[in-house]
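Spelled out from the first residue to the last, the chains are:
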Amino acid sequence: MNTTPRREDLRNVAIIAHVDHGKTTLVDALLKQSRVFAAHEHVGNRILDSNDLEREKGITILAKTTSVRYRGVKLNIIDTPGHTDFGGEVERVLGMADGCLLLVDAAEGPMPQTRVVLRQAMALGLRLIIVVNKIDRTHARPAHAVEATHDLLLELAQDADQLDAPVLYTNAKEGTSTPDLKVPGTTLVPLLDAILTRVPPPLGDRDGALQMVVSNLDHDTHMGRIAIGRIARGRLAPGQIAVVCHEGGISLPQRITSVLTVEALHRLPTQEASAGDIVYVTGLAQVAIGDTIADPDNPEALPRIDVGEPTLQMQFSVNQSPFAGRESTRSSTSRQLRARLDRELQTNVALRVAGGPTADIFIVSGRGELHLAILIETMRREGYEFEVSRPAVITREIDGHRHEPVEECIIDCSTDTVGAITDALGSRGAQLQAMDNDVAGRVRLTYHAPTRALIGMRSQVLTLTRGTGVMATRLIAWERWRQLPPTTRNGVLTASQGGTSVAYGLLPVQERGQPFIGPGVALYEGMIIGLNRRSGDIHLNACKQKQKTNIRSSTEDMTIKLVPPRTMSLEECLDFIEDDELVEVTPAGIRMRKRVLSADERMKTRKREAANV
């Protein structure tokens, strides 16, 4: 029997859910109703999504900790990402919690990431509270959502206590909760009461030898590297001597500079923190995620954080286009790129970086397209310029056979777009597993498909469903490599010479296909400027000016009408390019180009390859 005392004045709870089920909005409501802000403060919505990319994309990318106080108890709340590509963030922070709120959309019910995060929470033995959110939606089905969630519990629960999870119904936007749908909620007090009752207080062995696993890292200009984690045993105070237990052994004793705890949105220094507290520690220079901060007299390491393996990889390389160096605000040599990627590895535990075939190329592996695209966009905004290749799936050799990751893909769409979706996925070799209709006239399609077949499918689903479709995936297994139906993309229109695009020169571009650029765009030879209507590449001079003569022409002849160019996002560019093409990323924009810029050189290369065959 465990006789270790518990901290009755503290609760550590994580909020987990599928993407866009309302985690961050619920945290907003908890903070506002706890009166942590002054009356004159205007805090807005999605308070914890402080990252620009999080606000732009409407998703949580980084796990964050906040706190509220209720009935004399401090509630540490950990907001986690809901997108499967950022599952590494969830895996490393769940160990700081003793319980979790599982949010489920009342209309959508459990989704793929719901299963993933629930399995992780169950494996850690966290006590669960089911929160059915968005009960105000027009086609909400709370009873169906609860039933489907209970089915998941039966499948994933590790012990009988985890099955006895209370259910609350919330409207996070309005800040209400209720245990009974017949009684409308007015505040989030029922949810706070459930947290106090259901989530166990953390163990608080304050007198034991110090132990704390580092779950996250941050950096401050003045304080340097900040190690974030939960104290498992003992106490921490400024000036205390500690050691770091890492993979290679035990560090020399180091002095802790400061210890901070989180109060609402602020990190405040404290003179002492003890077992159960989530703290921010400074003064440890070489600490990394998964390391254990321990007592120098009794340096016991806790189990390291286990994070799932990446499934996609791409090449990052130094920018070698004719425009290299024009638009970057930071040095982007191979050494600088390597240093930036190494810094990313310190906090992005699901990322892998390896050397490429040359010193200027790095192989970067991640959980999915969005995981890698966020890294690319972050580096671009920091002022770096570089080139990236098309994502490629990572394979494994199992029993002498090549295996690849297979994912479950769930798509919610309207009935009138089912045909287009099934045709698109069928042509990629995906296998339909189930098709369910709801009362709202929407359809949920469940597919199993190799990861390589789903590259770029997310943007295609949005196009086919006119922005109304929702796609979610999760890794389910590694299966033997199989042949997929061939996918053919039309050829591209490339610039035959450098200069600035003009309306007259763009007329042949739109006559032969779909333009990607408009007038006034700087071009170089080999840059992709449009999609051809047919197979094969065409080289066009988009900088060509109209010849000036002394013959007058009518106003109709002088008017040039151009169609709007197709604007490509970073994710769309990564899906669009082929193996002989690259995406050039700079702080000023994103371009697609051929690996070999000269059309003559590309022709010679194709002839040599044909001769060798």
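None of these values were measured; they are calculated from a predicted model.

Trainee: Would you explain the packing of helix 7 (residues 334-347) against helix 8 (residues 369-381) in this entry?
Mentor: Any two packed helices are characterised by how steeply their axes cross, that is the angle between the axes, and by the distance between the axes. Across the interface, helix 7 lies against helix 8 with an axial gap of 12 Å and an inter-helix angle of 125 degrees. Here helix 7 lies oblique to helix 8, going by the angle between them. Helix 8 is crossed by helix 7, and the crossing has right-handed handedness. Across from Leu-337, Arg-340, Leu-341 and Glu-344 in helix 7, the residues of helix 8 making contact are Leu-375, Thr-378 and Met-379.

Trainee: Could you clarify how one ought to interpret the sheet that holds strand 31 (residues 513-515) in this entry?
Mentor: As a general point, the strands of a sheet are linked pairwise by backbone hydrogen bonds and lie either parallel or antiparallel. Spatial strand order, 31-33-29-34: four strands in an open sheet with mixed pairing. Each end of this open sheet is capped by a strand with a single partner; those strands are strand 31 and strand 34 (538-540). Here the average twist between neighbouring strands, direction ignored, is 30 degrees. The pairing of strand 31 with strand 33 (residues 528-532) spans three bridges and is classified as antiparallel. By the bridge assignment, Pro-515 is partnered in strand 33 with Gly-530. Along the sheet face, helix 12 (residues 503-512) touches strand 29 (492-495), strand 31, strand 33 and strand 34 and points at about 130 degrees away from the line of strand 31.

Trainee: What is the right way to read the sheet that holds strand 2 (residues 64-70) from this model?
Mentor: With mixed pairing, seven strands are arranged side by side in an open sheet as 2-3-1-4-5-6-7. Each edge of the open sheet is held by one strand with a lone partner, namely strand 2 and strand 7 (176-178). This sheet shows a mean twist of 30 degrees between the axes of neighbouring strands, independent of strand direction. Sheet topology note: the strand 2/strand 3 (residues 73-79) ladder contains seven bridges and is antiparallel. Bridging from a neighbouring strand, Val-68 pairs with Leu-75 of strand 3. Strands strand 1 (10-17), strand 4 (99-105) and strand 5 (127-133) of the sheet are contacted by helix 4 (residues 112-123), whose axis makes an angle of about 150 degrees with strand 1.

Trainee: How should the packing of helix 4 against helix 5 (residues 142-156) be read in this particular structure?
Mentor: In the contact formed by helix 4 and helix 5, the axes pass within 10 Å of each other and the chain directions differ by 45 degrees. Relative to helix 5, the element helix 4 lies oblique. Crossing angle aside, the handedness with which helix 4 passes helix 5 is right-handed. Taken together, the residues of helix 5 that come into contact with helix 4 (itself represented by Thr-114, Arg-115, Leu-118, Arg-119 and Met-122) are Leu-152, Leu-153, Glu-155 and Leu-156. Grouping the amino acids of the contact of helix 4 with helix 5 by side-chain chemistry returns five nonpolar, one polar and three charged.

Trainee: Could you clarify how one ought to interpret the pattern of salt bridges in this entry?
Mentor: Any two side chains of opposite charge can pair if their charged atoms end up close together. Summed over the entire model, instances satisfying the criterion amount to 34 salt bridges. Linking Arg-267 and Asp-218 is a salt bridge whose minimum nitrogen-to-oxygen distance equals 2.8 Å. With a gap of 49 residues between them, Arg-267 in strand 15 (residues 266-269) and Asp-218 in strand 8 (residues 211-220) connect regions that are remote in the sequence. Classification of Arg-267 by relative accessible area gives partly exposed; the value is 36%. Take Asp-218: its relative accessible area is 30%, and that puts it in the partly exposed class. Residue Glu-247 is joined to Arg-304 by a salt bridge in which the shortest nitrogen-to-oxygen separation is 3.8 Å. Separated by 57 residues along the polypeptide, Glu-247 in the loop between strand 11 (241-246) and strand 12 (249-250) and Arg-304 in the loop between strand 18 (292-294) and strand 19 (312-318) bring together distant segments of the chain.

Trainee: What's the story with the environment of Ile-256 in this structure? I'm lost.
Mentor: Looking at the element boundaries, Ile-256 is found in the loop between strand 13 (254-255) and strand 14 (258-263). When the C-alpha positions of Ile-256 and Pro-238 are compared, they lie 5.6 Å apart, and in sequence the two are 18 residues distant. If near-sequence neighbours (up to four positions away) are discounted, Ile-256 is found in contact with Leu-236, Ala-237, Pro-238, Gly-239, Gln-240, Ala-242, Val-281, Thr-282 and Leu-284.

Trainee: Mind showing me how you'd approach the packing of aromatic side chains here?
Mentor: Counting across every chain of the model gives three aromatic pairs. Both rings, one in Phe-516 and one in Phe-576, keep their centres 5.4 Å apart while their planes meet at 80 degrees; by these two values the pair is edge-to-face. In this pair, Phe-516 is assigned in the loop between strand 31 and strand 32 (522-523) and Phe-576 in helix 14 (residues 570-576), connecting sequence segments 60 residues apart. Of note, Arg-402 hangs over the ring of Trp-481, and the distance from its end group to the ring centre comes to 3.7 Å. Here the guanidinium or amino end of Arg-452 rests over the ring plane of Trp-481, the centre of that ring lying 3.7 Å away.

The rules behind these values
- Residues numbered from 1 in each chain as written.
- Predicted model: local features only at pLDDT ≥ 70, side-chain atom pairs only at ≥ 80, totals over all residues.
- Heavy atoms only, no water.
- Axes fitted to C-alpha atoms, helices over the stretch in contact; angles between N-to-C directions.
- Helix = DSSP H or I, 4+ residues; strand = E, 2+ residues; numbered from the N terminus.
- Parallel < 35°, antiparallel > 145°, perpendicular 65-115°, else oblique.
- Left-handed = near helix turned anticlockwise from the far one by under 90°.
- Contact = heavy atoms within 4.5 Å.
- Pairing = 2+ DSSP bridges.
- Nonpolar A, V, L, I, M, F, W, Y, C, P; charged D, E, K, R; others polar.
- Salt bridge = Lys/Arg side-chain N within 4 Å of Asp/Glu carboxyl O.
- Buried < 20%, exposed > 50% of the residue type's maximum accessible area, 1.4 Å probe, protein only.
- Phe/Tyr/Trp six-rings, centres within 6.5 Å; stacked < 30°, edge-to-face > 60°.
- Lys NZ or Arg CZ within 6 Å of the ring centre and 35° of its normal.

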